[in-house]
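Summary of structural features
Below, each chain spelled out in residue letters.
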Amino acid sequence: MSACVQTRQFADVQFTPPQGDYKLLVLRPDVTVGSLTTGGMVEPRADWTDQARSNIVAALRAQQASRGGRVQFIERRTELPGVTADEIADVERLNYAVAESIVIHKYLGDYLPTKRGKGLDWTLGEDAVRLGQKSGYDYALFMHAEDQVASTGRIVLGVIGLAGCFVGFCAPNVGGATQLDYASLVDLKTGEVVWFNVVQAGSQVPGIKFGDLRTPQGAEQMVERLLGRMKPGAAVRRAQEAR
Amino acid sequence: MCIRCDLSRRSLLIGGAAAAASLSTGVAEARIRPQDMVPLVGPGFKPTDKDEQGLWKEMERAEEEIAGSNLLVRDAALTNYLKNLIGKVGGPAAQDFRIYLARIPEFNAMMFPSGFAVVFTGLLLRMRNEAQLAGVIAHESGHFLRRHMIRSWRDMRRKTDIFAIGTMLAGVGGAAGGVYMGDYVRLAELGTLLSLFRYSREMEGEADAMGARLIEQAGYQPIEMSNIWRQLIGEQQASAAYRRKRRDRGYDLFATHPAPEDRMADLKADALEVTVPGKAYETGRERYLSAIGDYRQTLLDEQVKLNDPGASEYLIQTLALDGWNGLLRFYEGEVWRLRNRHGDDVRAAQSYAAAVVYPDAPADAWRWHGISLMKAGRAGEAKAAFARYLTMKPNAPDAAWVRQMMG
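Here's what I pulled together on the structure shown here. (Residues numbered from 1 in each chain as written. Chains lettered and ligands numbered in written order. Predicted model: local features only at pLDDT ≥ 70, side-chain atom pairs only at ≥ 80, totals over all residues. Heavy atoms only, no water.)

What to know about the overall build of chain B
Helix and strand counts for chain B come out as 17 helices and three strands. Every one of the 407 residues in chain B was classed for burial, and the buried ones make up 51%. Carbon and sulfur atoms make up 56% of the accessible area of chain B, which amounts to about 18600 Å² in all. (Helix = DSSP H or I, 4+ residues; strand = E, 2+ residues; numbered from the N terminus. Buried < 20%, exposed > 50% of the residue type's maximum accessible area, 1.4 Å probe, protein only. Areas by Shrake-Rupley, 256 points an atom, 1.4 Å probe, with all protein chains shown as cover.)

Re the overall build of chain A
Regarding its fold elements, chain A presents six helices and eight strands. Overall, chain A shows an N-to-C arrangement of helices and strands of β-β-β-α-β-α-β-α-β-α-β-β-α-α. Accessible area for chain A stands at about 10700 Å²; split by element, carbon and sulfur atoms hold 53% of it.

What to know about the nonpolar core
Grouped together as the largest cluster of nonpolar side chains are 85 residues, with contacts concentrated most on B:L123, B:L124, B:M127, B:L133, B:I137, B:F144 and B:L300. A:L24, A:I56, A:V57 and A:V223 belong to the second largest nonpolar core, which has 32 residues in total. (Core = buried A, V, L, I, M, F, W, Y, C linked by side-chain atoms within 4.5 Å.)

Considerations on helix α2 (residues 85-107) of chain A
When the terminal C-alpha atoms of α2(A) are compared, their 31 Å separation across 23 residues agrees well with the 33 Å that a helix rising 1.5 Å per residue should span. Where α2(A) ends, the next residue or the one after it, A:G109, has phi of about 100°, a positive value. (Expected span 1.5 Å × (residues − 1).)

Re the packing of aromatic side chains
Residues and elements named next belong to chain B. Counted by the stated rule, this structure contains 15 aromatic pairs over all chains. With a centroid separation of 5.2 Å and an interplanar angle of 75°, the aromatic rings of F97 and F144 are classed as edge-to-face. Placement of F97 in the loop between α3 (76-89) and β1 (98-102) and of F144 in helix α5 (residues 130-145) is noted, with a sequence separation of 47 residues between them. Each member of the pair, F97 as well as F144, is classed as buried. (Phe/Tyr/Trp six-rings, centres within 6.5 Å; stacked < 30°, edge-to-face > 60°.)

Considerations on the sheet that holds strand β2 (residues 109-111) of chain B
Residues and elements named next belong to chain B. Taken together, the three strands give an open sheet; going across it, the order is β1-β3-β2, and neighbouring strands pair in mixed fashion. Each edge of the sheet is formed by a strand with only one pairing partner; in this case those strands are β1 and β2. Across the sheet, the mean angle from the axis of one strand to that of its neighbour is 15°, orientation sign disregarded. By the bridge criterion, five bridges tie β1 to strand β3 (residues 116-120) in an arrangement that is parallel. (Pairing = 2+ DSSP bridges. Axes fitted to C-alpha atoms, helices over the stretch in contact; angles between N-to-C directions.)

Thoughts on helix α16 (residues 379-392) of chain B
Residue and element names in this part refer to chain B. For α16, with 14 residues, the first-to-last C-alpha span of 20 Å sits near the 20 Å given by 1.5 Å per residue. By the burial criterion, the buried members of α16 are A382, A385, F386, Y389 and L390. Seen along its axis, α16 keeps its buried residues to an arc of 140°; they face one direction. Across from the buried face of α16, at angles greater than 90 degrees, the exposed residues are G380, A384 and T391. Those residues of α16 hidden inside the fold are in contact with α15 (363-375) and α17 (399-406). (Arc of directions from axis to C-beta. Contact = heavy atoms within 4.5 Å.)

Re the side chain of B:D344
Residue and element names in this part refer to chain B. Here D344 shows up in helix α14 (residues 344-355). Here D344 falls in the buried class, since its relative accessible area comes to 0%. One polar contact links D344 to R339, side chain to side chain, over a distance of 2.8 Å. A distance of 2.7 Å separates a polar side-chain atom of D344 from the backbone nitrogen of R341. (Polar contact = N/O pair within 3.5 Å; in protein donor to acceptor, adjacent residues only side chain to side chain.)

A closer look at the packing of helix α13 (residues 326-339) of chain B against α14(B)
Residues and elements named next belong to chain B. Remark: α13 packs on α14, axes separated minimally by 8 Å, with the N-to-C direction vectors making an angle of 165°. Regarding the angle of α13 to α14, the classification is roughly antiparallel. Seen from above, α13 lies across α14 with left-handed handedness. On α14, the residues that touch G326, R329, F330, E332, G333, E334, W336, R337 and R339 of α13 are D344, R347, A348, S351, Y352, A354 and A355. Its residues assigned to classes, the contact of α13 with α14 shows six nonpolar, three polar and seven charged. (Parallel < 35°, antiparallel > 145°, perpendicular 65-115°, else oblique. Left-handed = near helix turned anticlockwise from the far one by under 90°. Nonpolar A, V, L, I, M, F, W, Y, C, P; charged D, E, K, R; others polar.)

Points about the pattern of salt bridges
Residue and element names in this part refer to chain B. Going through the model one piece at a time under the given rule, you end up with 42 salt bridges over all chains. One salt bridge in this structure joins E216 and K279, with 3.2 Å as the shortest N-O distance. Here E216 is found in helix α7 (residues 182-217), whereas its partner K279 is found in the loop between α9 (260-274) and α10 (285-292), with 63 residues between them in sequence. Since its relative accessible area comes to 36%, K279 is described here as partly exposed. Close ionic contact of R339 with D344 constitutes a salt bridge, the shortest N to O distance being 2.8 Å. Relative accessible area serves as the criterion here: at 21%, R339 is assigned to the partly exposed category. (Salt bridge = Lys/Arg side-chain N within 4 Å of Asp/Glu carboxyl O.)

What follows is the structure, encoded as structure tokens:
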């Protein structure tokens, strides 16, 4: 009850996790860290966000290096040589729409009969292929992380709610810190979204923590949860088992 | 399950911040006086508080998205004009503002917390002169100068905090004392909500008063700000009357903006207050018309295609108060033609015929004038109109068809 972490990944049936010498482009990890106010609003914090972002970038770099990949982070749309800011913006927006569709049809229950048994069957199409040709990268990784840290007031509220259980007004689930991260990996040779993962972590009781992105350990834990256990697609797995 | 709601919470924040500052429609409490509206920020303002820094950080990304949006009008002359205008009526922060023109045929403009404004093209269509446009831009600047976004954010945070603690204490205290507090909690919830909306309307009042002060200082006719609301009320009434509905008066406890009638009345009082006797004020109509120039046709075109003939007709009539011309007559005809009720073809034909009398009639006015004449069986005159169309637009996509019509 206190805190739970959920993760669920989907992969293209033909997907094999990148290994060895590959070039990965990370389109600016989209990170926000905010404070959860007593009343339940999220107050974005610039300093926490910057801290979390640099922790995540460091953790991701270390993790990908251990797999043999070379990673390049793009902070601004103008930073990629040979590709215009508009082209990157187009791919980013397209990815946002496609990711939303993946979430609706894979996570939120509106399953599509036409995509049953096909693993992850989404693509960014020609735009992503062109991005790969122009930039020379093999994969693009889109990452989103949002973390809400319960403020002291929120924690106090949770404590009163729990204390109320002794007098008959029980409100233990005020809701504390929550974290939501998702990542999608796009193969820039085919344009297909080959792998997608969502990690959701939340504590119902404010004050219980589970990996704070503002610390290097917390960021490492998050990157590990999100990208560490990348599984191959169904067809690849079957082939491996048959061998 | 919460991927969407978490995402929407973030967009709600951005949307909410924009909505809090947007100028659309909506009980004014006591009028706020322009002389009390002192700017709270100076030139080159940068936030120093944690919460405000966080808000600005979010806005950085929002601005990047907006600045790169394909909805923006990239016409350099037009965007420079807007930039100069906000530079004129932006008060102390005039040089810090950024302003973007979005191609959306609606009456709106908004200021974001970090000092960038978005103006919809629908606003440009409705403004009769530079003073009116300056009034709207000054209103938006007022939101920034009075630090409305962070003030409303803090107000919301404080009230939701008090409500959360209050609910919890009422519940726990009530349970300990054996009393059911649920109804009071409901009441407190409504109270919190209502006070949030009230706060938002108060800020709109502040921005209006600040705006009146700013345009007066820049030498614009202060009463023009009040006229904007008169025009908007008229437009909404015309639009509703056509649809046989009553205008949504936007006058209720949940409104984020004061009712247009109240704003119109308050702005009129503001204008009287700020006007310095003997000072010459301008409306800048000529300058405005030359700034929007050829773009006015696009603005009219987008409006008439909204399928809101009541509003479109009212707008054209309002713009024509400053004098009819070929462009306005042509689009008057377009409103009738697209409405297509019994007798509208005749009305449209009359408008096209009136349009081509003016030297500024667009090529399409000649085309439709030709088609109307053809329908009326006046082939000879139609031919001449078509010929005129083809000389004006030799590469028209329908040139071959028009030639065939000419026989």
